[in-house]
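Here is what each chain is made of, one letter per residue.
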Amino acid sequence: MSSLIDVKNLTLKFKTDEGLITAVNNVSFSLKKGEVMGLVGESGSGKSVTAKALMHLNARNAVYTPESKITLHTEAGEVDVLSLTKPSEMQVVRGGAISMIFQEPMASFAPAITIGKQMVEQLQLHGNMSKAKAKEISVEMLDRVGISDAHKRFDQYAFELSGGMRQRAMIAMALSTKPKLLIADEPTTALDVTIQAQVIDLMKDLVNEFHMGIIFITHDLGVVAQTADKVSVMYLGELIEEGPVREVIRTPAHPYTQGLLSALPKLDDLDSPLTPVPGDIPSPLERPSGCVFHTRCSKIVGDACKTTLPQAYQLDESHSAACHIYPKGESA
Amino acid sequence: MLSFVRFILTRAVMALATLIIVSLVVFSLMELVPGDCAERYLAFKNTQGSGISVADIEAERARLGLDKPFFTRWTVWITNAFQGEFGDSCILRVNIADLLGQKFWLSLGICLSALVLAYAIAVPVGIIAAASNNATLNNTLKFISYFGLAMPNFLLALLIMLISTVWFGETLTGLFSKEYRDADWSWAKLVDLMKHAWLPIFILGWSATAFALQTVRALMSDEIGKLYVTAASARGVSGRKLLWNYPARHALGPIVNSLGFDLNRIFNELPIVALILVMTDAGALLIEALARSNDQQLAGAIIFLLTASIVTLNFFTDVLLAVLDPRVRKSILR
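In the annotation of an unreviewed UniProt entry, chain B is listed under the name Peptide/nickel transport system permease protein and assigned to Shimia abyssi. A UniProt comment under Sequence similarities (unreviewed entry) is attached to chain B, and it reads "Belongs to the binding-protein-dependent transport system permease family." Turning to chain B, the UniProt record has this under Subcellular location (unreviewed entry): "Cell membrane".

In the nomenclature of an unreviewed UniProt entry, chain A is known as Peptide/nickel transport system ATP-binding protein of Shimia abyssi. Taken verbatim from the UniProt record of chain A, the Subcellular location (unreviewed entry) comment is "Cell inner membrane". According to its UniProt record, chain A has this under Sequence similarities (unreviewed entry): "Belongs to the ABC transporter superfamily."

Structural data, given as C-alpha cells:
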C-alpha cells in the first residue's frame, strides 16, 4: 500500500500574550491508503491540533517550525500542506482530499442553514457541478449513511435531527466529496453508547467502501481497539508511543500508555480497583523539562528523565516508544 | 405559509394586548398624580385672580367626566387613544392631538433615522472589525466607540453648535426655517427639514452607533469562535462567503432583537438634545408636561404614543427574527 500522508517533524507553537506555547513537538507519522489510525491522548495532549494541522486549519496565531513538513499524496501529485497560503489552494486539504468530522455534531452544523444547503455548498466548491446534481449526490449520501427519509432531511436543520442522526449527516457531508483521508475528532464522544456502536460500524463500512484512510482522534482506547489498525499515543504535544493496535493494547511499552490501560475498568474482574494515572496533564505553559511525562511517571529511571527528552525506541519493526526505560542508541 | 400568517396574527394580537395592559398602567399612573385635572385647572385660574368655589370644582369634574368610576374612564380613554384622540390638556386647555400634531411624528422620525444610521454603520463596521485581526483597525474602532459612549450627547450638541456659530456664522437650531415653520408640507419644506434634521439625527445616532458597534462586535466575535465556522472552513468555505453566510448571518438575530431597546434609549436622549437645539419636539413637551405643570393628560398621551411605537417596532422585529432564524420559526409554527 502506498503512503497517503506523511507528517515529518511537525512542531507547532501558538503565539500568545504569555509567549510561544508549544502545542505539538517534533511529531512524525505516516498513514497509508485505507489505513485507520487511532490518535489517543488526554485533553490538551495536542491530538486535535495535530489533526487540524493536516488541513492547515489551526488558528491564526499558530506558528510552524521550518522543519515541519506535511505531505499529502493525491492522484494529481504531492501537496506540501504547510506551504499552502491561499484559500483556493487549501481547498484540496479542506473538504477535498481531506474531510473532518467533529465531536459536537450539533455545533458543527450552522444552525440557521439547512443541512442540504451546506452539503450542496461543499460539493459545488469542490466539483464543477450543478445544484441539482449536488443535491442528488447529497440525498444519496444521506441515504447511504442510514438516514431515513433522506429527501426530507435534506431540507431540515441540524436542530431538527436527533444526536445520532446529526453525526450520520455530518459523516455523509464529510464523505460526499469522496476524500482520501477522513479525520474524525472524537466523533462518538457526544453520543449514547448504543448510537456510538452504530456510528463506529458505519465508519468501518465506509472505510472499506471508499477505501480511505481515517485518523480517529479519541481518548477512548476501547473505540480505538474496535476501529483502528494502528495507534499513536500523544502526551503534551509529544508522540510517545506508536504501533499496531493489538500490540499496543496487549503490551503497552510506555508507562503512560500502561497507565491509561490500567485505568480502564476490566469487565472480567469488576472488583479490582481502578488505577488512574496520578496527577493532571501539566499546562502547556509549564512544560516539564526532560521527558514531559516525568512529573506523573511511576517508573523514573534516573536524572535523565528530568533532563533529556527520550528518543523513540523501536521495540520491533512497527512498535516504538519514547522512554528512558529502553536502552539508548539501539533503535532500529 | 398559512402558519406564518397565523404567527403574524398571533403576534399582532399579543402586541395589542401588551398595549392595552400598558395603557392601563399609564392611565393608573396618571390617576396617581395628586389632584386631578379639574382641581389643577381651577387652581391655575385662581392664581390668575378669579375666585373659585368647591362647587366650581365639582362642576368642572362633571364636565370632564372625572366623577365616573376608574374603569369607565379608562375604557373611554383607551378607546379614544387608539383613534389618536387624547382629550384636552389639563393646563393648556387645547386638544392634545392638535398640540402634538406633527411633533410626535417628527420626533419618532428623528429617532428612527438615528437608529437606522446607527445600525447602517455599526453592522458592517462591527462585522469587519470582529473578523479582522488588524490591531490598529481594532484599536481605532475601540477608541472611537468608547469615545462615543463616554461623550454625553448634550456636550456634542453644544460643541457642534459652538463651532458652527463661531466659524460658519450659522445657528443650527430648530427643525424648520422661519418661512416653512407653519407652511403646508411641500418638497421645499421637506428639504428644509432635512437641512435641519441631520444634526439631531447625527447627535442621537452618535452614541447609538457607539453602543450598537459594541453589540455587533461582541456578537460577531462570539459567532466567529463557534465550531460551525471552523467546520465550514474545514469544508473549504472561505473568505467573504464564509464570513457573511456563517457568523454574520447568525449574529443578525440578536442584533435585530436589540432594535426595540435601542429605539427606547434614543427616545430617552431626545429631550435633552431637543432642548439644546431649541426644537420643540414631543420629548421636550413630555418634560414640560411632567416637570413643570403636572399635565398628566399630556404626559399620558406622549407615553402611550411612545410605548405604542416601541411595541410596534418589537412586533416587526419579532416577525423579522422568525424570518431570519429557523429555530425561532419552527418553534412557533408547531
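Sorry, what's going on with the packing of helix α8 (residues 163-175) of chain A against helix α9 (residues 193-210) of chain A here?
When two helices pack together, their arrangement is given by the angle between the helix axes and the distance between those axes. Residue and element names in this part refer to chain A. One way to put it is that α8 packs onto α9 with a least axis distance of 10 Å and a crossing angle of 15°. Compared by their axis directions, α8 and α9 come out roughly parallel. α8 and α9 meet at a crossing whose hand is right-handed. Residue-level inspection shows G163, G164, Q167, R168, I171 and L175 of α8 in contact with α9, the latter providing I195, Q198, V199, L202, M203, L206 and F210. A breakdown of the residues in the contact of α8 with α9 according to their chemical character gives 8 nonpolar, 4 polar and 1 charged.

Which parts of the structure should I look at to understand the nonpolar core?
Among soluble globular proteins, nonpolar side chains are generally buried collectively. Grouped together as the largest cluster of nonpolar side chains are 100 residues, with contacts concentrated most on L54, V93, L181, I183, I215, F216 and I240 of chain A. The dominant element in this core, judged by the number of residues it contributes, is α8 of chain A, at 8 residues. Apart from the residues within four sequence positions on either side, F216 of chain A is in contact with V36, M37, G38, L39, A184, V224, T227 and A228 of chain A. Formed by 57 residues, the second largest nonpolar core is a distinct cluster that contains L100, I201, A208 and A299 of chain B.

Whenever I open this one, the domain arrangement of chain A confuses me. Can you help?
Many descriptions give the size of an interface as the accessible area lost when the pieces come together. For chain A, the assigned domains are domain 1 (107-178) and domain 2 (252-322). Look at where the C-alpha atoms of domain 1 of chain A and domain 2 of chain A centre, and you get two points 41 Å apart.

Even after reading the chapter, I still don't get the UniProt feature "domain: ABC transporter" (unreviewed entry) in chain A, so can you show me in this structure?
The UniProt record marks residues 5-261 of chain A with the feature "domain: ABC transporter" (unreviewed entry), using the residue numbering of this structure. Annotation note: span residues 5-261 of chain A, helix share 40%, strand share 28%, distance between end C-alpha atoms 28 Å.

What should I look at first to understand the UniProt feature "transmembrane region" (unreviewed entry) in chain B in this one?
Mapped onto the present numbering, the UniProt feature "transmembrane region" (unreviewed entry) falls on residues 12-30, 104-131, 143-168, 197-216, 272-291 and 297-324 of chain B. The span residues 12-30 of chain B is 100% helix and 0% strand, and its two end C-alpha atoms sit 27 Å from each other.

Explanation requested: the domain arrangement of chain B in the structure shown.
All names here are of chain B. According to the domain assignment, chain B consists of domain 1 (2-81) and domain 2 (96-332). The gap between the C-alpha centroids of domain 1 and domain 2 is 31 Å. Across the contact, 16 residues belong to domain 1 and 15 residues belong to domain 2. Every element with two or more residues in the side of domain 1 that touches domain 2 is listed here: α1 (2-32) and α2 (37-47). Here the element with the most residues in the side of domain 1 that touches domain 2 is α1; it accounts for 12 residues. Counted by class, the side of domain 1 that touches domain 2 contains 12 nonpolar, 2 polar and 2 charged residues.

Conventions and cut-offs
- The residue numbers shown here count from 1 along each chain, following its written sequence.
- The lettering of chains begins at A and the numbering of ligands begins at 1, in the order of writing.
- Owing to the predicted nature of the model, reporting of local features is limited to residues with pLDDT of at least 70; listing and counting of side-chain atom pairs is limited to 80 or more, with chain, interface and lining totals taken over all residues.
- UniProt positions are given in the numbering used here, feature names are shortened, and annotations may be inferred rather than shown by experiment.
- Orientation is described by axes fitted as lines to C-alpha atoms, over the contacting stretch for helices, and by angles from 0 to 180 degrees between their N-to-C directions.
- Put simply, DSSP H or I for four residues or longer makes a helix, DSSP E for two residues or longer makes a strand, and each gets a number counted from the N terminus.
- Angles are sorted into four bins: roughly parallel if under 35 degrees, roughly antiparallel if over 145, roughly perpendicular if 65 to 115, and oblique for all others.
- Two helices that cross are described as forming a left-handed crossing if the nearer one is turned anticlockwise from the farther one by less than a right angle, and a right-handed crossing if clockwise.
- Once C-beta atoms have been placed from the backbone, residue pairs whose C-beta atoms lie within 7 Å are recorded as contacts.
- Each residue is assigned to one class: nonpolar for Ala, Val, Leu, Ile, Met, Phe, Trp, Tyr, Cys and Pro, charged for Asp, Glu, Lys and Arg, and polar for all the others, Gly among them.
- To form a nonpolar core, buried Ala, Val, Leu, Ile, Met, Phe, Trp, Tyr and Cys residues must be joined through C-beta atoms within 7 Å.
- Remark: C-beta atoms are placed from the backbone, and a residue is labelled buried if 20 or more other C-beta atoms sit within 10 Å of its own, exposed if 12 or fewer do, or partly exposed between those counts.
- For every domain, the bounds stem from an assignment made automatically or drawn from a database.

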